[in-house]
Amino acid sequence: MARKVLVLGEVRDGSLRNVSFEAIAAGKTVSEGGEVVAVLIGKSVSALGEEMIQYGADKVVVVEDDKLEQYTSDGYSQAVLAVIDQEKPEGIIFGHTALGKDLSPKVASKLSTGLISDATDLEEAGGNLVFTRPIYSGKAFEKKIVTGGVIFATIRPNNIEPLAKDESRTGEVSSLSVDIKDLRTIIKEVVRKASEGVDLSEAKVIIAGGRGVKSEDGFNPLKELADVLGGAVGASRGACDADYCDYSLQIGQTGKVVTPDLYIACGISGAIQHLAGMSNSKVIVAINKDPEANIFNVADYGIVGDLFEVVPMLTEEFKKLKVSSS
Amino acid sequence: MNIYVLLKRTFDTEEKISIQNGQIAEDGAEFIINPYDEYAVEEAIQVRDAHGGEVTVVTVGGEESEKQLRTALAMGADKAVLINTEDDLDHGDQFTTAKILAHYLKEQEVDLILAGNVAIDGGSGQVGPRVAEQLDIPYVTTITKLEIDGGTVTVTRDVEGDSEVIETSLPLLVTAQQGLNEPRYPSLPGIMKAKKKPLDEVELDDIDLDEDEVEAKTKTIEIYLPPKKEAGKVLEGELDAQVSELVSLLRNEAKVI
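Residues numbered from 1 in each chain as written. Chains lettered and ligands numbered in written order. Predicted model: local features only at pLDDT ≥ 70, side-chain atom pairs only at ≥ 80, totals over all residues.

Things to note about the overall build of chain A
Scanning chain A from terminus to terminus reveals eight helices and 18 strands. Considered along the principal axes of its C-alpha atoms, chain A spans approximately 60 × 45 × 45 Å. Per-residue burial for chain A yields a buried fraction of 56% across its 326 residues. Long-range pairs, those at least 24 residues apart, make up 66% of the contacts in chain A between residues at least 6 apart in sequence. (Helix = DSSP H or I, 4+ residues; strand = E, 2+ residues; numbered from the N terminus. Buried ≥ 20, exposed ≤ 12 C-beta atoms within 10 Å, placed from the backbone. Contact = placed C-beta atoms within 7 Å.)

Thoughts on the confidence of the model for chain B
Close inspection of predicted coordinates is inappropriate for parts of the model with low pLDDT. On average, residues of chain B carry a pLDDT of 95, and 100% of them reach 70 or more. Model confidence for the complex: the whole-complex pTM is 0.91, and ipTM, which rates the interface, is 0.94. (pLDDT = per-residue confidence, 0-100.)

Regarding the sheet that holds strand β9 (residues 128-135) of chain A
One open sheet accounts for four strands, arranged β8(A)-β9(A)-β10(A)-β14(B); its pairing is antiparallel. At either margin of the open sheet sits one strand with a lone partner, and together these are β8 (121-125) of chain A together with β14 (218-224) of chain B. On average, each strand axis in the sheet is inclined to that of its neighbour by 30°, with strand direction left out of account. (Pairing = 2+ DSSP bridges. Axes fitted to C-alpha atoms, helices over the stretch in contact; angles between N-to-C directions.)

Remarks on helix α2 (residues 66-75) of chain B
Residues and elements named next belong to chain B. The buried fraction of α2 is high, at seven of ten residues. Of all the residues in α2, the buried ones are Gln68, Leu69, Thr71, Ala72, Leu73, Ala74 and Met75. Directly beyond the C-terminal end of α2, a positive phi value near 140° is found at Gly76.

Looking at the packing of helix α4 (residues 98-111) of chain A against helix α4 (residues 127-135) of chain B
As a packed pair, α4 of chain A and α4 of chain B sit with axes 8 Å apart at the nearest point and diverge in direction by 45°. Viewed along their axes, α4 of chain A and α4 of chain B adopt a mutual orientation that is oblique. Relative to α4 of chain B, the crossing made by α4 of chain A is right-handed. Contact residues: Asp102, Pro105, Lys106, Ala108, Ser109 and Lys110 of chain A in α4 of chain A; Pro129, Arg130, Glu133 and Gln134 of chain B in α4 of chain B. (Parallel < 35°, antiparallel > 145°, perpendicular 65-115°, else oblique. Left-handed = near helix turned anticlockwise from the far one by under 90°.)

So, the domain arrangement of chain A
Residue and element names in this part refer to chain A. Looking at the assigned domains, one finds that chain A contains domain 1 (4-175) and domain 2 (205-324). Taking only C-alpha atoms into account, the centre of domain 1 sits 32 Å from that of domain 2. Across the boundary between the two partners, domain 1 contributes seven residues, which contact eight residues of domain 2. Classifying every residue of the side of domain 1 that touches domain 2 by side-chain character gives two nonpolar, four polar and one charged. (Domains from an automatic or database assignment. Nonpolar A, V, L, I, M, F, W, Y, C, P; charged D, E, K, R; others polar.)

Quick look at the packing of helix α3 (residues 73-87) of chain A against α4 of chain A
The description of two packed helices rests on the angle between their axes and on the distance between the axes. Residue and element names in this part refer to chain A. Running from amino to carboxyl end, α3 crosses α4 at an angle of 50°, the nearest separation of the two axes being 10 Å. With respect to α4, the axis of α3 lies oblique. The chirality of how α3 crosses α4 is right-handed. Contacts between α3 and α4 involve Ser73, Tyr76, Ser77, Val80 and Leu81 from the first element and Asp102, Leu103, Lys106, Val107 and Lys110 from the second. Split into classes, the residues belonging to the contact of α3 with α4 amount to five nonpolar, two polar and three charged.

Let's talk about the interface of chain A and chain B
If you look at the interface, chain A gives 79 residues, while chain B gives 68 residues. Among the elements that line the side of chain A that touches chain B, the one with the most residues is α4 of chain A, at eight residues. Per-class residue counts for the side of chain A that touches chain B are 35 nonpolar, 24 polar and 20 charged. Pairing between strand β10 (residues 140-146) of chain A and β14 of chain B: six bridges, direction antiparallel. Among the inter-strand pairings, Phe141 of chain A is bridged to a residue of β14 of chain B, identified as Tyr224 of chain B.

Structure follows, in structure tokens:
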């Protein structure tokens, strides 16, 4: 059954986040041969429309307004709902990002529809679109379908492969004028804490520290390794509770759930609550002094040793590799 | 100030998950207040202590959720409401829960609603914003700080590691992120007092809702456990040789670098 599917492109610092392209790929699956309409919202974002087309969108609708320069649930929901009203999609896909998580329930509630959040996979099976999503922070999975109304889902970054970019693809980029009004939340200030590094939820490589890092400064060797690998730094609850780092870095059942290509756990014992947040990473490396540490049970590769010795050695080794391959 | 907390009973984070007859097995499992909702309860108590008023904790669920409601009362909440759907609903989804909560809250005088930003079991994080939308009040999710000064509310919100400082007003719904506060443990006198605090139980009928109106819009067709990971390779030998081997394995065997 061919469907028209609306896909939200997400812009950060003037460029499209990767999850936008992943959403297009998911939208294609949901469309079953129908049309994928991308939506771009912001102050000045129309120039990015072409890239959405190149990644597989059939057309793009842009809503631009000074009041949309920053995300607010009121402003963005007015914009999205106006596009929905114009396009009447039968499917909607957002990224399961801070923005998508905040916006999608409001839009679903307005439309009085269901919403499948945080899908990591989707497929057509037995006449249904079946979404796979982790529950209990990845300790289990469920397959879920929409039983009535619009098929609305958010997809977890880094899980659905984007389509190959095709620079010869063309499509219409149109703009829709929406009267954005009555914003009830006003952003006064944005404090960039994560800007120095790569965002945890989208990182392909994560170097995480636990109680074994021993202090705030103990994270420095981890940061250096992350820099060399273009990755992000994360932490276990133990490290956060001990005040070695900010809670925004916490990975686990409370905290973020991540699925990078490579997860290097340094001085992390591997409590169940932490494993829930990272055990679905593609490749896990554990570095721990204690050979009995539970983390070795989920690791693909382990080194029994002091992280303060091993991590700098790893950094050097990867640096050499970079030099020789460039 | 009339403060409401939306609370969910969840599995303890240290519980292992197993499956029985296609469902998550609950036998012998420990249940707790969803950890993010615990931050919401704590914040609600602090707001009440600073500004006066009353804290009511509300949950949608079955009889067994009374235990978690009593815990919230023991922490210091004033009243609890259990919207018992045991007899009426086989299964619900976030649409169901949000509609029930919003329907109940519409009939109350509400200044501030607090909830967890996500439940650690279902993990969808939809109910808070859905309830706010249905009550037509603003909401801010994943907050780490809340300051109320008359009608003006200043909230700090965690956005993937960055912080946003947001100004808004009451009535308002916020969802708690880790770092908002340190939830207190119930004290012994608190536990004693909680036994006498009001815990009302209502059913869908009592709040004029029909089962059909809250019928789920999504359906779970299968629950399964992730494939068990085989124990990996713990490297041996001199440390520098291990490090070189690891880099080579990541590059040539795992192909992630």
